[in-house]
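Residue-level structure breakdown
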Number of protein chains: 2
Amino acid sequence: MSTPAGPPVTVIVGAGLVGASIGHALSGVGWRVHLVDAVPSHAAVAAGLGAGTAEPADPAEVGLVVVAVPPRAIADVVGESLQTYPGATVTDVGSVKAGVLDALWDRPVDLTRYVGSHPMAGSHHSGPVTADGELFVDRTWVVTPHRKSSDAATARVVELVRACRARLVTLDVDDHDAAVARVSHLPHLVSVLMAGHLTNVPDEDLVLAGQGLRDVTRIAGGDPGLWQQIVRANSTAVLRELRQVAVSLDRLITAVETPADTALGLELERGVEGTHRIPGKHGAAPVPYEQVVVAIPDEPGALARLFGDVEAAGVNVEDVAIEHDASRQVGYLTLSVRPERAEGLAVAMRDGGWTVV
Amino acid sequence: MSTPAGPPVTVIVGAGLVGASIGHALSGVGWRVHLVDAVPSHAAVAAGLGAGTAEPADPAEVGLVVVAVPPRAIADVVGESLQTYPGATVTDVGSVKAGVLDALWDRPVDLTRYVGSHPMAGSHHSGPVTADGELFVDRTWVVTPHRKSSDAATARVVELVRACRARLVTLDVDDHDAAVARVSHLPHLVSVLMAGHLTNVPDEDLVLAGQGLRDVTRIAGGDPGLWQQIVRANSTAVLRELRQVAVSLDRLITAVETPADTALGLELERGVEGTHRIPGKHGAAPVPYEQVVVAIPDEPGALARLFGDVEAAGVNVEDVAIEHDASRQVGYLTLSVRPERAEGLAVAMRDGGWTVV
């Protein structure tokens, strides 16, 4: 394969959020980027915004192809790209990896030049977020070499990840798919299960709904078309997790059925333990922040005044959440701060005339 | 029973968050409130803060007893109160109602004077929130008369709800328990199920966790001791919902197993539909807000400056959420605003030097 000095001439297929953002990131560090999209005007718009050029590349010159198309089209586009660009490494940015490889394994394509990847960014901002070259900075980007991948191809995809300033994680294809099944696809389906259950709940019951129900069901509102493709693409790993959850659910039901307290208590404690295993902000171990809860009137400018007073108190707010209740005109703002700052913040807010609850 | 003019002399048993908050609310509108707690110093502290008096009441004078003790103690305390205060209406504030009534049904107590109730407030602020007479204002407070309840007793509990300025909802005991099983207890157990599953997930997989997993599992971190009592107290209704979820889970597993797309698509769409059934902020129908997402540096004062600029833009922020990623030093602040204000806010924020993504 051709290995010219300097960054490879790069073709990005698919000028959506992820593809165009990669184009911005690479163009920003001097890579030559050609954008291609099934809808040519999409490539032209992205190019106009600085993500690269919509002019066609000379196939012989292309050193890297990034396939950023919807999940169900990935394998075909990867296969075509391996044929169209005979000297290029080809990667994709899909959230599931094994299916692409399986689909290509017996085709007459040069799989030594294909290495899958998965930038963990953008998905929950897919609505409002437009392309942004900073999208991948310090985020995890998983690279998944397989046993036919050449070292040169893997190195080229690593070069892509580094150019986007993402944090490189290298995983075996199946390990990757098992991991996202557990931390992403299963939680989505569990949320769907709970939200779907609500379709059978009477309106008058839902009036009693609180923040907990809203949190558990939030991601179930995600695009069903996209999620169908994701779950289909990872169905083996997802089914393994779902079946384990079915066993756990049966055990939970038995625990609730059994009047002796211990089994149910163990289930509830296992849940608490599970929440503690999720890494905290910025990948660090969870910090036990303290919460200062301030009542906040539902009127323009209230949040600005409140944060102005927080700034005046000189306290770094680690996290913030607003809780509204279905029946209450006054919301609550929960400010998470380091434990040693909580008392001072509460005093400062009270001094500022806020109701600290 | 005695029905003196004016508000009844009231005894509150249990000076925790809910009991003491009721004490503050009633004392604030001139009711005579006596606080009792198994730990006398708790009653004294609450009294010292203005929730009433810790002096004992004359049993013959008491017109209302509010039982605000942990779930598993409620039935006994209600029974004892009916005997100790022969002229009083007795209510409780537990989150499950049928079990209390069942436990008392065949005891030699005057159940005409017992009417259960459930103020829907406080639970997810139980940590940082201390007693607050405003806790119930405009919140739902369910009153659950049963077939032995006298009209006078029900009227007295309604008087309590009105004095706390809560929003009265009257429900049959079993309807209440079925409703909270669906919108509160089941979501808690589903969250526990997902969080408990994480105890078997390797650390290296959890590095890939995002906001969705955090949302689904948040409430699973709730106090296992309290939740055990709640689930036990409502086990019949909870089991009915759990068994339905088990059936839905089997159906979902079959849908994922079946290569034809339609079944899985229907499951995912049912989930979306369910999220739309949850009433929005302040009980109104969900308003389709638009989100403006702003990148926010992780440094002191950034939020204050940001909200200062939002205020300068004159836009009312309907909701706000911060999303941190495990691997990224820059968070995102999602500002939800009325659709017609989104564009103007985005422009104003860009003008203020913020990165709107």
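Presented here is a report on the structure given in the accompanying data block. (Residues numbered from 1 in each chain as written. Chains lettered and ligands numbered in written order. Predicted model: local features only at pLDDT ≥ 70, side-chain atom pairs only at ≥ 80, totals over all residues. Heavy atoms only, no water.)

With that out of the way, let us pick up the sheet that holds strand β2 (residues 33–36) of chain A. Residues and elements named next belong to chain A. Pairing in this open sheet of 4 strands is parallel, and the strands run β2-β1-β3-β4 from one edge to the other. Looking at the sheet topology across the chains shown, the edges are occupied by β2 and β4 (89–92). For this sheet the average axis-to-axis angle between neighbouring strands, irrespective of direction, equals 20 degrees. Where strand β1 (residues 9–13) lies against β2, 4 bridges are found, and the strand directions are parallel. Paired with I12 across the bridge in β2 is L35. Its contacts with the sheet place helix α1 (residues 17–28) against β1, β2 and β3 (62–67), and it is angled at close to 160 degrees to β1. (Pairing = 2+ DSSP bridges. Helix = DSSP H or I, 4+ residues; strand = E, 2+ residues; numbered from the N terminus. Axes fitted to C-alpha atoms, helices over the stretch in contact; angles between N-to-C directions. Contact = heavy atoms within 4.5 Å.)

Residues and elements named next belong to chain A. One open sheet accounts for 3 strands, arranged β5-β6-β7; its pairing is mixed. A strand with exactly one partner marks an edge of an open sheet, and here the two such strands are β5 (116–119) and β7 (167–170). Each neighbouring strand pair of the sheet contributes to a mean axis angle of 20 degrees, computed without reference to strand direction. Where strand β6 (residues 140–144) and β7 come together, 4 bridges link them in parallel fashion. Residue pairing across strands places T140 opposite R167, the latter belonging to β7. Lying over the sheet, helix α5 (residues 151–163) contacts β5, β6 and β7, oriented at roughly 175 degrees with respect to β6.

Considering the arrangement of structural elements, one finds B:H188 in helix α6 (residues 173–197). Taking the relative accessible area as the measure of exposure, B:H188 reaches 2% and is therefore buried. A C-alpha to C-alpha distance of 9.7 Å links B:H188 and B:V216, two positions 28 residues apart in sequence. Once you skip the residues sitting within four places of it in the chain, B:H188 turns out to touch A:L268, B:I219, B:A220, B:G222 and B:W227. (Buried < 20%, exposed > 50% of the residue type's maximum accessible area, 1.4 Å probe, protein only.)

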